[in-house]
Structure formats: C-alpha cells, structure tokens
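Understanding the architecture of this molecule
One letter stands for each residue in the lines below.
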Number of protein chains: 2
Amino acid sequence: MLEAKLEEAALLKRLLDCTHFSSYTNESPCSPRLCLAIKELVTDANFECNEEGINLQAMDNSHVALVAVNLEASGFKKFRCDRPMPLGVNLNSLTKVLKCAKDDDICTIKATDDVDVLNLVYEAKNSDRIAEYDMKLMDIDAENLGIPDTDYDARVTMPSAEFTRIVRDLSLLGESVRIEVSKEGVRFASDGEAANGSILLKQTEAAKEKYEKYGKDDEEVKDEEDEEEEEDKPKKKKIKKEKVKKEEKDGDVEMNGDDDDDGEFKAKSDDEGEEEQEEEEEEEEEETKKKNKKRKKAPSKNGQPSKKAKKSDEVPSDGGVYVEMNQHVSLTFSLKYLVNFSKSSSLSNTVQLMMSNDVPLLVSYKFGQGVIKYYLAPKIGEE
Amino acid sequence: MLEAKLEEAALLKRLLDCTHFSSYTNESPCSPRLCLAIKELVTDANFECNEEGINLQAMDNSHVALVAVNLEASGFKKFRCDRPMPLGVNLNSLTKVLKCAKDDDICTIKATDDVDVLNLVYEAKNSDRIAEYDMKLMDIDAENLGIPDTDYDARVTMPSAEFTRIVRDLSLLGESVRIEVSKEGVRFASDGEAANGSILLKQTEAAKEKYEKYGKDDEEVKDEEDEEEEEDKPKKKKIKKEKVKKEEKDGDVEMNGDDDDDGEFKAKSDDEGEEEQEEEEEEEEEETKKKNKKRKKAPSKNGQPSKKAKKSDEVPSDGGVYVEMNQHVSLTFSLKYLVNFSKSSSLSNTVQLMMSNDVPLLVSYKFGQGVIKYYLAPKIGEE
DNA sequence: ACAGGGATCT
DNA sequence: AGATCCCTGT
C-alpha cells in the first residue's frame, strides 16, 4: 500500500495547477481560433508510486508537450510505498478534491494495493478538523512516454518570474517564440500582426556566481551523502564550464542533473532517498517560515530568504541570467504552452531552460520536494 | 528620422492609459445600458513628431471629446527629429507593446523616414535586459481636428485627485454633471434617480497663492525666450489678475496659455507656443529628481516637491481650489468622459478646467514632459 | 486600503 | 465572450 503525508496540502494544489494546465491561453488575439484549441492539455495521468517517491508523466492531448513531475520520498513528512503501483488519476477529479483542502492542511494520501481508490485526508494543523475524501482511480495505459534523453547544448538558468513575464509579454504579440542562445546571451523573439518583439537577456556576473552550482546540487548532495568527495566539489565547480564544453558525457550529467529516472544513478538515489527522509525532518525545523525544503545544510550559498509563504526555492528570484552553451541554438516554440509551463513559478523562483537544436525544449523547475519538467517539441520550418 | 529616449517607460504607459480611454465607464449603476456605449473612445491617433517634440490629437469615435497631448522635446532624455513626421499609431497595438515594458525601463522610440514601423527599445536600468519591439504603423488621415480656440471666461485650478474623486462620486448618481463657476466658487452638481448630488468648492487663500502663477509660466518663459521683454514680465505678472477681469483679449491669452494650434492666434500662438515649450522645460527643471532637462532658469517660484518619481507636477496635491472668472458660467457635461479624463491624475497633481458658456470644456493636465488637454462639448438644453 | 490586472468560471 | 473573484502593486 501507499501512504504519503505532506506537511502542506498547498504543494499538491499548486502542483496540480502546473500539471493540469487547461487555460484558455487567449492572450493571442492574433489567433483567436486557437483560444479553444487547448481546453484540456492533460486530463488523465498515472501517478507512479514506488519506494523512492512519486512520478507523474503525462503528455498533452495533442502530443506536443509532456510534463514530468518527480516527488521525492524525502519530500514527504512520511512516505511509505510497499510496492510500485500506478495510480490512474483523472486530473479534473483530483483538482476538485484538492480544492477541498485548505492550503495549510496536513495532507495524507493513501492507496491500497488494488489501486481503485485514492484516499485523501486533510487534517488541520491543530487537528480540530479532519476531512477525508475517496477518489476513484482509473486504469490508464501506462504508455511510458519516451522522455527524450538528450544532451543539451545550452542551458539557461533564470528567475522564473522573468521567464513568466517574457512569455506573457510575447504572447500578447504572437503565438510562437524563437529562443536563441548565443554568446551574447539568450534572446526571445516573436512576430505578431501588430508588432514584433525581441528580448535579449545578457548573462550577469552575479547570476553566474549564484547559479553556478544550481542544478548541480544533486551532485553536491550526492557528494555529501557519499561523504568522500568533499574536496572534489570545488574542483568540479571550477571546471564545470569546461566540462560542458569538452566532456559531453559529464557535461550532460551535470546539465541533466535533474534527471530522476535513470538506472545508473539509481543506487545512489537510494541512499539519497533514505537520508533525505531524515533531512526532511530537519527541514521542518529549518522551515521556520515556509515549507521550503533545502535538504542538506550544504555549503549552501543559496541561503535564500524564501520571501513569501509560497515559493520554496533555494535561490532568490532577483537573479539575473546564467547561460551555459556548447553551441548556438535557435528554436521556435508555441507560446501558449510556455505560458502554461510558466505557472510553475509558484513552485520555484528559478527556472532552467535546456535546449539543443531540433529536439524538445526542457523547462525545469526544482522545488523543495522534487522537480517538475516540461518538454515541448519545437516548431519546425516555421517562419 | 526620429529618436526619442525616455528615462522611464512608465510615462508612456500612463500617457496611453490617459489617451486610449476605452473604459467601460460602468461606474454608473444608474445607467447600466451605457456601460457598453463607449467601448473604444479613441482607437487610432497620429503622433505628430517634429523637432519641438511630439503632438497627438485624437477625437473619440462619437466626436464628442477630443484629446491633445504635447510632449516637449526637452522632456526626453534624448530627442532628435530631423523632419516632421506623422506616426499613425493603433492605440491597441501600442498598448500591448507598452505592456511589455517594465515601468522603470529606459524607453527609446525610433522611426525612420518611411514611418511604416515604430521601433521601441526597453532597456533595464542595469542593461542586462534589452527588449526591442517593432510596431507597424498605419496611415491615418491627418484630419486636423479643429481644436476650439476659445477665450475662456472661467478657469479653475485644483488638485487632480479631488477632480477625480468628484466625477467618480457623481458618476455613481447620474450621467451628467453641471459645472458652475460663480463668485462663491465652483459647484459640481448631478441629478440621478436615486439621489442628487452637489459639491461646492470654495477658493482658498492658500490655493490662490499657490496657483496664482500656475499656467502662466508660459508667459514668463515666453518673455524669456523673446529675451527682449525682460522688463515687461514683472509688470505683466502684477496685472495678470486685472487682465483676466478687464482685458478680455489679454486675459484670454493667459487663460489660453495652453492652446497650441490655433489659426487666428497663430501669431500670438507662435510666441506662446514656443513659450510653452520653454515653460515645460522649466517645470521639468523644477523636478530635480526626475528626468528633467530644464533649459532656461526662470525665476521659478513653483519650487514644488514633486513627491514620488511618478507624477511630475509642479504643485503639491494638497492644493485647495483656485478660481478665476470673468463671468458666471454654467455648463453640463457627460460624466463618463470626465471620468476618463480624470485618469490623467496619474500624470499631474493639478488639473485646470477652462470654461465659457456654450463652448467645449478644456481639461488640462500639465506634467513634467508636456501637457495633456481634453476638450468636451457641453450638453445643451439638458435638464 | 484601494485600484488595476490576470485568471478562472459561466 | 463576458462577468466575477483573487492577487499584486501602489
């Protein structure tokens, strides 16, 4: 059976907003015909549960975008999953049920081995209210969506709010955006009927320092866990750039630091998982203000203020932009999807864009309990 | 070609809010049927650019109201316009493009001589972000809207916030307002189904002193420009009040200090027009904190604080009311337009109402970089 | 505390 | 497409 307890129901609620994007992206007056095109980008999804946590993968109905969420077992206040089980969830139903939770409720989800029902319990912090819901589950073909496993040629790390702002702005003008990473920085450009727009973000030194280790925390954490490569870290950091440029393999590992489901890292992951649990408790203590997660008390330079009570990010949002690239990339994407993706800024102050020419864009938000990744196929042969 | 750089994009954004008023003035619950009546008061406008600055004139679609904006070249951080050129702008498009600017961006607009595209560049203060937009221009018949060139019998100078409040309040009751200037002050009265309202503003001594020279700076500046009537100035100032009362002609000139394009006053206008430009600059100068440019150093007594970095006004808003009149006037206007006009309170703390019986009202807001003037025909034979 | 803008729902 | 509600910014 599965039993997972979350300190705050808010996380699930926000996560579902980010997954179950169905918005009427009618910001494109240029193409009102598209406004109704999306309706529901994702309606059903399998929540794959195992002892390491919960993974969700779903492809939008038009098979252009893919969303993958990973919640680590350590991100829960309590997590137990005796055997792998897929929970076939209708996102509309889950959205409704989650609306019945208050943001600060303690939320426990349970499923028995016959996985035909998901049990959700919302408990007020002071325990004077307990709400319980049973949601029917469905049988979804666990078509394992081939997550593209690419070595990206460019990675952009930037404040999620800025990304949100950019795609929202450009969606006022046109329906697609060309993202171009070059030595001068990253450029977002869109052509519309009324106007064309182009935004160039230059890398800042501050951002470079701040984000240099971002996305490689996994390693650090790992290292820390391993406890033996402490002295290695600094080295790694220093050569990181070179790695990206020279060692495709290692560079990619770093670039893909977010990858969760790769076999070869499994062993290590296991360790992490258990440790993380401990950390979790630690965290709670740390989270004096929020539900943030910063697991290890790593040589954390990301001592983040965690402004509101909403975002649980490790990096302040006032960020600046950090660009890493092996080669110039230029890709065109549908803005309506990116606008949807950018709703994840409620989960993290930082976003990473990973790109290589002619392969899907990866938009990744790391948050305290895991990571949400979006993949979007580029438009091809577009003007 | 045209190249104009503004210290803050916010000015343009606010200006467009004031020009492109399309609001559903549904503040009138009394007449919900009117809510949809306006939709778009002004959709397109020509931005007339020449070496002296930028002028915009537009009439609302129902030809009842007219808006005229003058931005002085001196109000820009940089301004260059090699030859006069009209930029035919769709205000909807410009609104969208301006939404893509952050308020504190440095904004540069450029147009080449073929004026088919307006180029807007938004540069973050720290230059790590540069956004560039190209907006298509259109060909608009430069129907030179006959701006009424009246000698006004009454002028009311008051805090713009108070005017905003009054028209908003009265718009809750009825759809028109009678504005009456008499010796006791200025009265705003509206009759509605639910209630009638009447607001009397009496002139205050403080306001008299404060505003005595407001709107007449033009003259001073003019004199300065002319450079030869220096000795005349003090004289003029002293008799100013008398002028208003005795010499209709001269009084009007003063009262009409803002008029820009009048045929018969052209000769005089010419002087005045140029003068105004200078005054503008004066005003800006006073705004020591903003993007001022102050060319001439006038004997400025309006050393005004200019609170925030937003409003660029020469007079504090805590104002009081100053009334000048040659004769009693009483006129009735549509409140929905006045409510729209009053949005310009974001540009200036002070507003001037100029009236004569049976001619359009002139509502004028002067701000650091120029002036925005609204003309509204009175309702006639109304109850 | 109020106003404006954005997002969601009908 | 319009109206209402919520959130953010001033």
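This structure is a prediction, so every number in the text was calculated from the model and none was measured. (Residues numbered from 1 in each chain as written. Chains lettered and ligands numbered in written order. Predicted model: local features only at pLDDT ≥ 70, side-chain atom pairs only at ≥ 80, totals over all residues. Heavy atoms only, no water.)

1. Focus on the overall build of chain A
A count of helices and strands for chain A gives nine helices and 18 strands. Expressed as a percentage of its 383 residues, the buried residues of chain A come to 57%. Put simply, of all contacts in chain A between residues at least 6 apart along the chain, 68% involve residues at least 24 apart. When the accessible surface of chain A is totalled, it reaches about 16100 Å², and 48% of it is carbon and sulfur. (Helix = DSSP H or I, 4+ residues; strand = E, 2+ residues; numbered from the N terminus. Buried < 20%, exposed > 50% of the residue type's maximum accessible area, 1.4 Å probe, protein only. Contact = heavy atoms within 4.5 Å. Areas by Shrake-Rupley, 256 points an atom, 1.4 Å probe, with all protein chains shown as cover.)

2. Here's the deal with the packing of aromatic side chains
Two aromatic rings are characterised by how far apart their centres lie and by the angle between their planes. Tallied over the entire structure, the rule returns 12 aromatic pairs over all chains. Pairing Tyr211(B) with Tyr214(B) gives two aromatic rings, centres 5.9 Å apart and planes at 75°, and the pair type is edge-to-face. Classification of Tyr214(B) by relative accessible area gives buried; the value is 2%. These aromatic residues form a ring-pair network of at least three members: Phe341(A), Tyr365(A) and Tyr374(A). For Lys210(B), the ring lying beneath its charged end belongs to Tyr211(B), and the centroid distance is 5.6 Å. (Phe/Tyr/Trp six-rings, centres within 6.5 Å; stacked < 30°, edge-to-face > 60°. Lys NZ or Arg CZ within 6 Å of the ring centre and 35° of its normal.)

3. Re the sheet that holds strand β6 (residues 85–90) of chain A
Residue and element names in this part refer to chain A. Across the sheet, which stays open at both edges, the nine strands sit in the order β6-β2-β3-β4-β18-β17-β16-β10-β14 with antiparallel pairing between neighbours. Each of the sheet's edge strands pairs with one partner strand only, and the pair in question is β6 and β14 (322–325). If you compare each strand with its neighbour and ignore which way they point, the axes differ by 15° on average. Pairing between strand β3 (residues 53–59) and strand β4 (residues 65–72): seven bridges, direction antiparallel. The residue of β4 that forms the bridge with Ala-58 is Val-67. Docked against the sheet, helix α1 (residues 9–19) engages β2 (44–50), β3, β4, β17 (361–367) and β18 (370–376), running at close to 165° with respect to β4. (Pairing = 2+ DSSP bridges. Axes fitted to C-alpha atoms, helices over the stretch in contact; angles between N-to-C directions.)

4. Describing the interface of chain B and chain A
Every contact between the two is made by 17 residues of chain B and, on the other side, 19 residues of chain A. Interface area, chain B with chain A, both sides summed: about 1500 Å², of which 52% is carbon and sulfur. At the surface where chain B touches chain A, the tally comes to one salt bridge. Of the charged contacts in the structure, one is a salt bridge between Arg129(B) and Glu162(A), with a shortest N-O distance of 3.7 Å. Secondary-structure elements contributing two or more residues to the side of chain B that touches chain A are α2 (91–99) and β9 (129–136) of chain B. Looking at the side of chain B that touches chain A, the element that brings in the most residues is β9(B), giving eight residues. (Buried area = accessible area lost by both parts, 1.4 Å probe. Salt bridge = Lys/Arg side-chain N within 4 Å of Asp/Glu carboxyl O.)

5. Describing unusual backbone geometry
The phi torsion at Asp358(A) lies on the positive side, around 70°, for a residue other than glycine. Inspection of the secondary structure assignment puts Asp358(A) in the loop between β16 (350–355) and β17. Judged by its relative accessible area of 66%, Asp358(A) is exposed. One non-glycine residue, Ser127(B), lies in positive phi territory at about 65°. You can call Ser127(B) partly exposed: its relative accessible area is 27%.

6. Structural notes on the pattern of salt bridges
Pairs can form between side chains of opposite charge whenever their charged atoms are close. Residue and element names in this part refer to chain A. One pass over the structure, following the stated rule, counts 24 salt bridges over all chains. The closest approach of N and O atoms between Lys-125 and Glu-7, which form a salt bridge, is 3.9 Å. Linking Lys-125 in the loop between β8 (117–123) and β9 (130–136) with Glu-7 in the loop between β1 (2–6) and α1, this pair joins segments that are 118 residues apart in sequence. Lys-125 sits in the partly exposed class, given a relative accessible area of 41%. Because the salt bridges share partners, they merge into one network encompassing Glu-7, Glu-8, Lys-77 and Lys-125.

7. Details of the packing of helix α1 (residues 9–19) of chain B against α2(B)
Helix-helix packing: each pair is described by the crossing angle between the helix axes and the interaxial distance. Residue and element names in this part refer to chain B. Viewed as axis vectors pointing N to C, α1 and α2 meet at an angle of 150°, and their least axial separation amounts to 10 Å. By the criterion of interaxial angle, the relationship of α1 to α2 is roughly antiparallel. The chirality of how α1 crosses α2 is left-handed. Of α2, the residues touching α1 (which contributes Leu-12, Lys-13, Leu-16 and Thr-19) are Leu-91, Leu-94, Thr-95 and Leu-98. A breakdown of the residues in the contact of α1 with α2 according to their chemical character gives five nonpolar, two polar and one charged. (Parallel < 35°, antiparallel > 145°, perpendicular 65-115°, else oblique. Left-handed = near helix turned anticlockwise from the far one by under 90°. Nonpolar A, V, L, I, M, F, W, Y, C, P; charged D, E, K, R; others polar.)

8. Looking at the environment of Glu180(B)
Residues and elements named next belong to chain B. With respect to the helices and strands, Glu-180 occurs in strand β11 (residues 176–182). When the C-alpha atoms of Glu-180 and Leu-331 are compared, they prove to be 6.4 Å apart, with 151 residues separating the residues in sequence. Contacts of Glu-180, omitting those with residues within four sequence positions, involve Gly-185, Val-186, Arg-187, His-328, Val-329 and Ser-330.

9. Looking at the nonpolar core
Residues Phe188(A), Leu338(A), Phe188(B) and Leu338(B) are the most contacted members of the largest nonpolar core, which totals 160 residues. Formed by eight residues, the second largest nonpolar core is a distinct cluster that contains Ala68(B), Met354(B), Leu362(B) and Tyr375(B). (Core = buried A, V, L, I, M, F, W, Y, C linked by side-chain atoms within 4.5 Å.)

10. Structural notes on the confidence of the model for chain A
Residues and elements named next belong to chain A. On average, residues of chain A score 74 in pLDDT, and 66% of them reach the 70 mark or higher. Scored below 50 in pLDDT, residues 25–38 makes 26 contacts in the model with residues more than four places away or belonging to other chains. Here residues 218–314 is modelled with pLDDT under 50, and outside its nearest four sequence neighbours on either side it reaches 178 contacts, counting other chains as well. (pLDDT = per-residue confidence, 0-100.)

11. So, the sheet that holds strand β13 (residues 195–201) of chain A
Taken in spatial order, the nine strands of this open sheet run β15(A)-β11(A)-β12(A)-β13(A)-β9(B)-β8(B)-β7(B)-β1(B)-β5(B), and their pairing is antiparallel. Only two strands of the sheet have a single partner each, and these edge strands are β15 (329–334) of chain A together with β5 (78–81) of chain B. Taken pair by pair, the neighbouring strands of this sheet meet at an average axis angle of 15°, ignoring direction. Bridge analysis of strand β1 (residues 2–6) of chain B against β5(B) gives four bridges, and the strand direction is antiparallel. When the sheet's bridge partners are listed, Lys5(B) is paired in β5(B) with Lys78(B). The strands that α2(B) touches are β13 of chain A together with β8 (117–123) and β9 of chain B; relative to β8(B), the one it contacts most, it runs at about 20°.

12. Re α1(B)
Burial analysis of α1(B) places nine of its 11 residues in the buried class, which makes it a mostly covered element. Of all the positions in α1(B), only Ala9(B), Ala10(B), Leu11(B), Leu12(B), Arg14(B), Leu15(B), Leu16(B), Cys18(B) and Thr19(B) are classed as buried.

13. Observations concerning the side chain of Ser160(A)
All names here are of chain A. Structurally, Ser-160 is set in helix α3 (residues 160–173). Classification of Ser-160 by relative accessible area gives buried; the value is 1%. A polar contact is formed between the side chain of Ser-160 and the backbone oxygen of Ser-348, at a distance of 2.6 Å. (Polar contact = N/O pair within 3.5 Å; in protein donor to acceptor, adjacent residues only side chain to side chain.)

14. Considerations on the pairing of strand β7 (residues 106–111) of chain A
Residue and element names in this part refer to chain A. Taken across its six residues, β7 has five buried, putting it largely inside the fold. As paired elements, β1 and β7 share five bridges and run antiparallel to each other. Looking at β7, one finds that Lys-5 is bridged to Thr-108. Both β7 and β8 contribute to a ladder of six bridges, which runs antiparallel. Of the residues in β8, the one forming a bridge with Lys-110 is Asn-119. The turn linking β7 back onto β8 is made up of five residues, and Val-115 within it adopts a positive phi angle of 35°.

15. Focus on the packing of α3(A) against α2(B)
Running from amino to carboxyl end, α3(A) crosses α2(B) at an angle of 170°, the nearest separation of the two axes being 9 Å. In terms of their interaxial angle, α3(A) and α2(B) are classed as roughly antiparallel. Contacts from Arg165(A), Asp169(A), Leu172(A) and Leu173(A) of α3(A) reach α2(B) at Lys96(B), Val97(B) and Lys99(B). Tallied by class, residues from the contact of α3(A) with α2(B) come to three nonpolar, no polar and four charged.

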